[in-house]
Each structure stands twice: as structure tokens, then as C-alpha cells.
Amino acid sequence: MPEYHKIQTMFKRNMEAPGRPLIEGAWTWGEFEYLALNRWQLTEKVAGMNIRVEWDGRIQFFEKTGKAQIPAPLYARLMDRFYPQILTFERRFPTGATLYFEGYGPGIENGGKYRSDQDIVLLDARVGKWWLRRSSLEDVADRFGLPIVPIIHTGNDTLLDAIELVKNGFQSRWGAFEAEGLVAKPKMELRTRGGARIITKIKAQDFRIGTPISRKEALEISEKTLEDAERSRSTLFRVKSEF
């Protein structure tokens, strides 16, 4: 199973300016702009190390690229969590699966603020070519006794609401400190015309550099895109009603 895909930042960067600040309103993908006023699934971004657990009749642990070494305490925690779960894997995933996690805790990024030891939190899961929906992901977390990244709600859960929340800062669900940001996915799994999964990250540190635009300006940038989206919806509903 391939490593976890890159999560695209929603705005382009000014590569000429110190700190490479975001150019707000300059979307990296047209799909982000097109979907900016739709509802998204938002989860808290965790600072850590990407880990995947592969099941194909045997259990294997990998760091994202498969080239770096997983810290010994974290590797021990993975063995404790999954080696006793072989029967659960066999029943839940008879054809195999890959579970994706963030490894976090002291000694991993800024993980000491989350907890006093190293552990994992479930981010995503894939069975064959299918990414699991949030409800199925929560079922996996329940069956295996795993923590899962928390859902964050803001406004109408649009991408613009999410950007505004991260710009203003919000408290982490793990404690009395500012969250790293959000990871955003459309409510329905979607891909670009090039086949890339539509998912983005919104990092608090990216809004500590430069002058941010206002929400009103962001809405004006997306006004034409929203009109196009509404026309598409209207056409779709009209076609459906004819059948």
C-alpha cells in the first residue's frame, strides 16, 4: 500500500517574501475555490509523525516514507496496540487494509504538549481503492480501541469558515494551548480531474506572517465560483426530478 498522500495547502505562497507567506485568495487548486462555500469535514491537525499500519494477513508498521526510523517507545506502543488484534483484523478486514495515524507525544515535533508519552491517533483508513467514510473510521476506532482525530465545527463548516477559525486561533481539544490548525475534506470524497484526492490543511502558523485578507474579500473572490456551483446544483436537481 502506498504512503499517505501529500496534503495540499489551499493557498499559494509568495516565494520571494521572507517566511514564504500565503497569498490569500490565490488558491492552489481551482477545486478548493469551487468548493469553498460547500460544507467540509474539519478535524484538528496534530503535530507529529505520519505512521501507517498495513494489514495483509500480517501486521507491519511504517513511517510515512518507509525510510525513517519509528522512535522505539512509539514502536513498542504500536506492538502493544495491534499484535493482540489479529482476530479483529481478520474479521474486520478480510481482504486487507491500511490504517493511517499521527504518532505524537514527547520527542515527536511539539508533541509533548499533547500527552506525557508517545502514542497514535487515527487519521484515515483505506481498503483497496476505497477511503473509509468518517462513520466507518469511527467504527474502526471503536473496534480497535483507538483514539481518533476530533471533528471541529465552525459556522457552516465551509472552507472559508475553517480559514477564519484558524486565522483567529482556537484551543486544541487536547488541552489549554492553541491548535496547530485543521485538516479539511469535502463531506463527500472527491478528486481533481488529475485524480488527486481533494483534501487540504490550514495551519495556524501560516497566518502569523503577512497581512491577512478579510472574510468579505475572500467571499468576493469566490462569488463567481459560488454562482457556477449553484447553477450546477440547479441543473442536477432538475435532471433528477425528470426521472
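Let me sum up the structure you'll find in this document. (Residues numbered from 1 in each chain as written. Predicted model: local features only at pLDDT ≥ 70, side-chain atom pairs only at ≥ 80, totals over all residues. Heavy atoms only, no water.)

Description of the overall build of the protein
What counts is decided by this rule: A run of H or I in DSSP becomes a helix once it reaches four residues, and a run of E becomes a strand once it reaches two; helices and strands are each numbered from the N terminus. The rule is simple: take the accessible area with a 1.4 Å probe, protein chains only, and divide by the maximum for that residue type; under 20% is buried, over 50% is exposed, in between is partly exposed. Contacts: residue pairs with any heavy atoms within 4.5 Å of one another. Each accessible area value is a Shrake-Rupley result obtained with a 1.4 Å probe; residue values ignore everything except the protein chains displayed when judging cover.
The number of helices and strands found in the protein is seven helices and eleven strands. Of all 243 residues assigned to the protein, the portion counted as buried reaches 45%. Of the contacts formed within the protein by residues at least 6 apart in sequence, a portion of 64% connects residues at least 24 apart. With an accessible surface of roughly 13100 Å², the protein has 50% of that area assigned to carbon and sulfur atoms.

Description of the sheet that holds strand β8 (residues 119-127)
Here is the rule: Pairing between two strands is assigned when DSSP locates at least 2 bridges connecting them. In this description, a line fitted to the C-alpha atoms serves as the axis of each element, helices being fitted only across the stretch in contact, and the angle between N-to-C directions of two axes falls anywhere from 0 to 180 degrees.
Pairing within the open sheet is antiparallel, and its five strands lie in the order β6-β5-β7-β8-β9. Both edges of this open sheet fall to β6 (59-63) and β9 (130-131), since each of them pairs with a single strand only. Judged from the seven bridges that link them, strand β7 (residues 97-104) and β8 form a sheet pairing that is antiparallel. If you follow Phe101 over to β8, its bridge partner there is Leu122. Contacts from helix α2 (residues 72-82) reach β5 (49-55), β6, β7 and β8, with the element oriented near 60° to β8. Along the sheet face, helix α4 (residues 134-144) touches β7 and β8 and points at about 130° away from the line of β8.

Here we look at the pairing of β6
On β6, burial follows the alternation: Ile59, Phe61 and Glu63 on one face are buried, whereas Gln60 and Phe62 on the facing-out side are not. By the bridge criterion, five bridges tie β5 to β6 in an arrangement that is antiparallel. Bridge pairing in β6 links Ile51 to Glu63. In textbook terms, the turn of a hairpin is the stretch between consecutive antiparallel strands, and for β5 and β6 this stretch comprises three residues, one of which, Gly57, has a positive phi near 105°.

Comments concerning the environment of Val140
Positionally, Val140 belongs in helix α4. Measuring from C-alpha to C-alpha, the distance between Val140 and Asp124 comes to 10.0 Å, with 16 residues separating the pair along the chain. If near-sequence neighbours (up to four positions away) are discounted, Val140 is found in contact with Arg92, Phe93, Leu99, Leu122 and Leu132.

A few points about the nonpolar core
Rules: Residues enter a nonpolar core if they are buried and are Ala, Val, Leu, Ile, Met, Phe, Trp, Tyr or Cys, with the set joined through side-chain atoms within 4.5 Å.
One finds Val53, Leu78, Phe82, Phe89, Phe93, Leu99 and Phe101 to be the most contacted residues of the largest nonpolar core, which totals 25 residues. Dropping the residues within four chain positions of it, Phe82 is found in contact with Val53, Ile59, Phe61, Phe89, Leu99, Phe101, Ile120, Phe144 and Leu146. With 24 residues, the next largest nonpolar core counts Ile152, Ala162, Val166 and Ala184 among its residues.

Some thoughts on the packing of aromatic side chains
So the rule is basically this: Each aromatic pair joins two rings of Phe, Tyr and Trp (for Trp, the six-membered one) with centres within 6.5 Å, and gets the label stacked for planes under 30 degrees apart, edge-to-face for over 60, and tilted for any other angle. Whether a charge sits over a ring comes down to the Lys NZ or Arg CZ being within 6 Å of the ring centre and within 35 degrees of the ring normal.
Counted according to the given criterion, the structure contains 20 aromatic pairs. Here Phe32 and Trp40 contribute two aromatic rings whose centre-to-centre distance is 6.4 Å and whose plane-to-plane angle is 55°, an arrangement assigned as tilted. Residue Phe32 is classed as buried on the basis of its relative accessible area of 0%. Note that Arg197 overlies the ring of Trp131, its terminal NZ or CZ placed 3.9 Å from the centroid.

Digging into the pattern of salt bridges
Working definition: two side chains of opposite charge can pair if their charged atoms are close together. What counts here: In the sections that follow, a salt bridge refers to a side-chain nitrogen of Lys or Arg positioned within 4 Å of a carboxyl oxygen of Asp or Glu.
Scanning the entire structure with this criterion turns up 16 salt bridges. The closest approach of N and O atoms between Asp119 and Arg115, which form a salt bridge, is 3.6 Å. Given a relative accessible area of 2%, Asp119 falls into the buried group. The class of Arg115 is partly exposed, set by a relative accessible area of 25%. Via salt bridges that share partners, Arg77, Arg81, Arg115, Asp117 and Asp119 belong to a single interconnected network.

What to know about the side chain of Gln41
Checked against the element boundaries, Gln41 lands in strand β4 (residues 40-44). Overall, Gln41 belongs to the buried group, its relative accessible area being 15%. With near-sequence residues (within four places) excluded, Gln41 lies in contact with Arg134, Ile151, Val183, Ala184, Lys185, Pro186 and Lys187.

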